[in-house]
Amino acid sequence: MDIVIPNWPAAKHVKAFSSTRGDGFSVGAYQGLNLGSHVGDESDIVDKNRQWLADHSAMPSAPVWLNQTHSTVVEYIDSPTSAILDADGTFTDKEAVVCSAMTADCLPVLFTNTQGTQVAAVHAGWRGLANGIVENAVEKLEGELMAWIGPAIGAKVFEVGQDVVDAFTQTDPQAIEAFQPRDEQGKWLADMNLLVTQRLRRVGVEHVYYSNLCTYADPERFYSYRRDGITGRQATFIWIEK
């Protein structure tokens, strides 16, 4: 099974990984282990992919899946549930609750404290990041925190417009350091890793780790909405082991 395991010093009973598209049953544009039920793939195949993932990854329960809308909502989960929650992040202090974040270029951000008593998973696209979803997640957690940034679109290929630059720099002038102007006027390359790091450090999270894997640049392993348009979703998971 092809997965990405965070390179961070989390407590041993905190388990986490990002999936890839290397396995699974989807075909065509969704080829591989597509976990997104909202992207046009056949629902029974997505269900089969999700079950295969749970069976092969030693998860203690089925993941809590989200209806992600680039919001800043981070919900507390106290037990496994099959309900689809309207949120872009979840956190828990209970054992065997699997938090998840689906992505196909956006940042998957995982959190835990040094004791491993709380964990969180956040889906952070540029809108959610600019509007404060990372800060919302940090506010709900206790103790000294660490964060891991999973596979996402890289700084060399994420072209954005002036509206994105303005969304970040109007509240934090330092954010301009994360944008490189392109030859075409009004176009920039955005470094999402730097943007999320700036925001994390502003709220006291100094220990930040990165997969440094670009979804856009690796079509064999990762889905990328910016690259392909019609595509699947990988996901990033975290839980507290019993």
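Report on the accompanying structure. Given the structure is predicted, the values throughout are model-derived calculations rather than measurements. (Residues numbered from 1 in each chain as written. Predicted model: local features only at pLDDT ≥ 70, side-chain atom pairs only at ≥ 80, totals over all residues. Heavy atoms only, no water.)

Examining the overall build of the chain
Counting secondary structure elements, the chain contains six helices and 15 strands. For the chain, whose C-alpha radius of gyration is 17 Å, the value lies close to the compact-globule estimate of 18 Å for 242 residues. Reported as C-alpha extents along the three principal axes, the dimensions of the chain are approximately 50 × 45 × 30 Å. Looking at the chain as a whole, 54% of its 242 residues are labelled buried. Sequence-distant contacts, at least 24 apart, represent 63% of the contacts inside the chain between residues at least 6 apart. With an accessible surface of roughly 10,700 Å², the chain has 47% of that area assigned to carbon and sulfur atoms. Here the chain holds 19 positive side-chain charges and 31 negative ones, and the gap between their average locations is 2 Å. (Helix = DSSP H or I, 4+ residues; strand = E, 2+ residues; numbered from the N terminus. Rg over C-alpha atoms; globule rule 2.2 N^0.38 Å. Buried < 20%, exposed > 50% of the residue type's maximum accessible area, 1.4 Å probe, protein only. Contact = heavy atoms within 4.5 Å. Areas by Shrake-Rupley, 256 points an atom, 1.4 Å probe, with all protein chains shown as cover. Lys, Arg positive; Asp, Glu negative; His and termini not counted. Charge placed at Lys NZ, Arg CZ, Asp CG, Glu CD.)

Structural notes on the nonpolar core
General note: in soluble globular proteins, nonpolar side chains tend to be found buried as a group. Counting 38 residues, the largest nonpolar core has Leu-107, Val-109, Phe-111, Phe-168, Phe-179 and Leu-200 as its most contacted members. Only strand E8 (107-113), strand E9 (119-124), helix H2 (126-131), helix H3 (133-139), strand E10 (145-149), helix H4 (162-169), strand E13 (187-190) and helix H5 (192-202) provide two or more residues apiece to this core. Once residues within four sequence positions are removed from consideration, Leu-107 is found in contact with Val-122, His-123, Ala-124, Leu-129, Ile-149, Ala-152, Met-192, Asn-193 and Val-196. Counting residues in hydrophobic clusters, the runner-up holds 16 residues, among them Trp-8, Ala-16, Leu-110 and Phe-222. (Core = buried A, V, L, I, M, F, W, Y, C linked by side-chain atoms within 4.5 Å.)

Some points on helix H1 (residues 43-56)
Between the first and last C-alpha of H1 there are 20 Å, a value that for 14 residues agrees with the 20 Å anticipated at 1.5 Å per step. Buried residues of H1: Ile-45, Val-46, Asn-49, Arg-50, Trp-52, Leu-53 and Ala-54, and no others. Turning to H1, the residues buried within the fold contact strand E2 (14-19), strand E7 (99-103) and strand E15 (234-240). Directly after H1, the chain includes Ala-58, whose backbone phi takes a positive value near 60°. (Expected span 1.5 Å × (residues − 1).)

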